[in-house]
Structure formats: C-alpha cells, structure tokens
Amino acid sequence: MVVEKFALVHINRVQGPYIVKSTGFSSEDTQKILVFALPSGEAVHGSVKFIRLGADFYGSLIHTTGVDGSAKASVFAVDVEKLNFNPFDLSPILENMLETGELSEPLDDLYLSSLHISREPSIIEGFTHVIGSLFLMERVIVVGDHNSVLNLFATIYDGLPPSAIALLVCNTYTTSLHEHINLQGVSHDEDLADELEIAQKNSTIVLLHANRAFGLFQTPFTDRIEKLFVEKRFEDAKQAILEFVELLNNENINSSSDFAKRHKISRADAKLLKNFQERLELREEMRRKNPLFDVTGGAF
C-alpha cells in the first residue's frame, strides 16, 4: 500500500485540536498533526494544507462547523519516498472522511491512479515568475476566490515531479499572510493590501481577477516551463525540471559563467541553479539540526 496513515481531528476553542480517530500514526506523529499539519492562519472552510514533516508528507482538509470556532479536519500522510501522485487528487478522500466520520481504507498505486482528477488547467500570464519563485524558495501568494486558488495550485502540482511536491509548503486559503509558506491563497481583501505591498519585495503575487503574476525571478528555463504548462504538457514539464536540476550532478557551482559555458545554458539559468544549490545546502544543514525544519517552508 502507498497511503496507510489517516486521521480525523476535531477543533474547538476550549480544547484546541484533538484526534478522534487515526490509523497508522505513532504518538510522535500525533503531535506533528496537531501542531504543524493542519491548515493555519485562520483557515477558511475547505482550506487544504500540504507539508513535509520528517520522513512523511502530510495533507489535510478543514471544515468549519459553527460560529463558536469549532471545526473538523481530515488528514493523510505518506512516506515521501512513496509520494508519486498529485496530493490534490486525494481531496475527495478527505472530503468523504469528513462527511462520514470514518477513516479511509489504505490506498494502493492502482487506486491512486484512478483518483486523478481531470481538470481544466489554470494558467495565468506571468506563470514563469511562479516557477522562478518556487525554485528560489520564495513565496507565491495568490489573491482570489478559494475555488480559483485551488484550481491554480492543483495545476501547479500536476506539472511538478514528486521531489518538488515534497519540498513545498502549501496552504490554500487563509485570512492572514505567512512568511514561511511557499504557496498561499488569500481573498481580495483591502485589509491585506499593506501586507501584500510588503510581501511583493521578495514574493510573486498572483492576482486572479487580473489573470496576472508579478514577480522578480525569470529565466529562459522558467519561460520554457511556462510554455509546457500552457500547452498542458505536464509530464514534459516534470521531466524538464528533473533534467535541469540534474545538470548539477554533484557539481558545486563556483562561477555561474563557467557553468553556463560548460553546459551550454544561459547565464541567468546558471545563476538560478547556483542560487538553488546554495539554498538547498542551507536547507539540508538546517534539517540536520531540526528534523521538522520543513515547517519553515522550502522549494524544489
């Protein structure tokens, strides 16, 4: 089986979050669920969160149930080595758990492949900036209604290799901004205008009502990935990302100019790989010191 860990969580203002049913989780996992794995930042009804914690990749869905702040959430976890699917495809499983109050049965590869949701891809102008920000471990903040945010994020995950998905922290919809989340959706709210203005200094901002992304990072490689997404060639996008990263091949980039010449790529792409390598090394160093470092965000 691929996915064997599931849990149901209730939340109220008196007790906070607590697990009512679970299977496959250890006591240590329980703390990870309650502290890190649930949608945060005053998450709205239907918010989804994906995050790697230690050796497992967690996904959760929250439903608000009343005006008293009560809510319930469904959770799954999978070994990152077995993550070979778009986690957004498990949304119906998480929804069903909340509706029935029962845990899902274990899921194998065959069943997971049958869950793949055929969706109309959501591609915005300036998508290249989204790829650039994620590659450099910067935030992508999407402003719009929740359903549109969900569709865009699911599209992004359709074109990412599993190794990339496992390194992203995604919170689909909240009412406040978080510095350490790679992909976050928020409403078009005037109260967030000042925060968004500050965030745009090191983040890509996507305005869904304008169908446009504004960001700082763009190279021939990110332009190429954008083109593959526009053409709905998601498998080709995954392969292109893997091949681009493989150019490093355990090579430490000291000079982006020399690296660009050796591999016949643009200097901008070489700089992108150099920055990616440096940030990945820092990430691994921090993970060695703290197994839960992934809660602070990351990138592929």
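Rules behind the numbers
- Residues numbered from 1 in each chain as written.
- Predicted model: local features only at pLDDT ≥ 70, side-chain atom pairs only at ≥ 80, totals over all residues.
- Heavy atoms only, no water.
- 1 Å grid on protein atoms, 1.4 Å probe; cavity = no way out; pocket = protein on both sides within 12 Å on 5 of 7 lines; lining within 4 Å.
- Points joined across faces, edges and corners; volume = space filled by probe spheres on them.
- Helix = DSSP H or I, 4+ residues; strand = E, 2+ residues; numbered from the N terminus.
- Nonpolar A, V, L, I, M, F, W, Y, C, P; charged D, E, K, R; others polar.
- Core = buried A, V, L, I, M, F, W, Y, C linked by side-chain atoms within 4.5 Å.
- Buried < 20%, exposed > 50% of the residue type's maximum accessible area, 1.4 Å probe, protein only.
- Contact = heavy atoms within 4.5 Å.
- Phe/Tyr/Trp six-rings, centres within 6.5 Å; stacked < 30°, edge-to-face > 60°.
- Salt bridge = Lys/Arg side-chain N within 4 Å of Asp/Glu carboxyl O.
- Pairing = 2+ DSSP bridges.

Trainee: What exactly am I supposed to notice about the layout of surface pockets here?
Mentor: Gaps left between atoms are located by rolling a probe of water-molecule size over the structure's atoms. In this structure, the largest pocket encloses a volume near 390 Å³. Along its surface, the largest pocket is lined by 19 residues, and Val-245, Glu-246, Leu-248, Phe-276 and Leu-280 are the ones closest to its centre. Take the lining of the largest pocket: its biggest share by element is 5 residues, from helix α11 (residues 267-289). Its residues assigned to classes, the lining of the largest pocket shows 10 nonpolar, 5 polar and 4 charged.

Trainee: Would you explain the nonpolar core in this entry?
Mentor: Inside soluble globular proteins, nonpolar side chains tend to come together where they are buried. In terms of nonpolar packing, the biggest core is built from 66 residues, with Phe-76 and Ile-156 touching the most fellow members. Broken down by element, this core gets its largest block of residues, 6 residues, from helix α5 (residues 146-158). In contact with Ile-156, not counting residues within four places along its chain, are Phe-127, Val-130, Leu-134, Leu-183 and Phe-229. Listed in part, the 18 residues of the second largest apolar core include Ala-43, Ile-62, Val-75 and Ala-77.

Trainee: What am I meant to see in the packing of aromatic side chains here?
Mentor: In this description, an aromatic ring pair is defined by two values, namely the gap between the centres and the angle between the planes. Overall, the coordinates contain 13 aromatic pairs when judged by the stated rule. Between Phe-135 and Phe-276, the aromatic rings sit 4.8 Å apart at their centres with planes inclined by 55°, giving tilted as the arrangement. Highlighted residues: Phe-135 in helix α4 (residues 127-135) and Phe-276 in helix α11, separated in sequence by 141 residues. Residues Phe-135 and Phe-276 agree in their burial class; the two are buried. Summarising the aromatic geometry, the rings of Phe-221 and Phe-244 are spaced 3.8 Å apart at their centres and angled 10° between planes, so their arrangement reads as stacked. Separated by 23 residues along the polypeptide, Phe-221 in helix α8 (residues 220-230) and Phe-244 in helix α9 (residues 234-246) bring together distant segments of the chain. Both residues of the pair, Phe-221 and Phe-244, count as buried.

Trainee: Mind showing me how you'd approach the environment of Ile-165 here?
Mentor: Within the secondary structure, Ile-165 sits in helix α6 (residues 162-165). Take Ile-165: its relative accessible area is 2%, and that puts it in the buried class. It is 9.1 Å that separates the C-alpha atoms of Ile-165 and Phe-57, two residues lying 108 residues apart in sequence.

Trainee: How do you make sense of the environment of Leu-115 when you look at a structure like this?
Mentor: Tracing the sequence through the fold places Leu-115 in the loop between α3 (109-114) and α4. Sequence separation between Leu-115 and Ile-51 is 64 residues, and the spatial gap between their C-alpha atoms is 20 Å.

Trainee: So what exactly am I meant to see when it comes to the pattern of salt bridges here?
Mentor: Two side chains that carry opposite charge are able to pair once their charged atoms sit near each other. What the rule picks out here adds up to 12 salt bridges. A salt bridge links Lys-5 to Asp-56; the nearest nitrogen and oxygen atoms lie 2.8 Å apart. You can see Lys-5 sitting in strand β1 (residues 5-12) and its partner Asp-56 sitting in strand β4 (residues 56-64), a full 51 residues away along the chain. Its salt-bridge partner being Glu-231, residue Lys-227 comes within 2.5 Å of it at the nearest N-O pair. Residue class for Lys-227 comes out partly exposed when judged on its relative accessible area of 48%. Salt bridges linked by common partners bring Lys-227, Glu-231, Arg-233 and Asp-236 together as one network.

Trainee: Even after reading the chapter, I still don't get the pairing of strand β3 (residues 48-53), so can you show me in this structure?
Mentor: For a regular strand, side chains alternate in direction, first toward one face of the sheet and then toward the other. In terms of burial, β3 is a largely internal element, 6 of the 6 residues being buried. Both faces of β3 are covered, namely the face carrying Val-48, Phe-50 and Arg-52 and the face carrying Lys-49, Ile-51 and Leu-53. In terms of strand pairing, β3 meets β4 through 6 bridges, oriented antiparallel. Note on β4: the bridge partner recorded for Phe-50 is Gly-59. As consecutive antiparallel partners, β3 and β4 are separated by 2 residues, and within that stretch Gly-54 has a phi angle of approximately 65°, a positive value.

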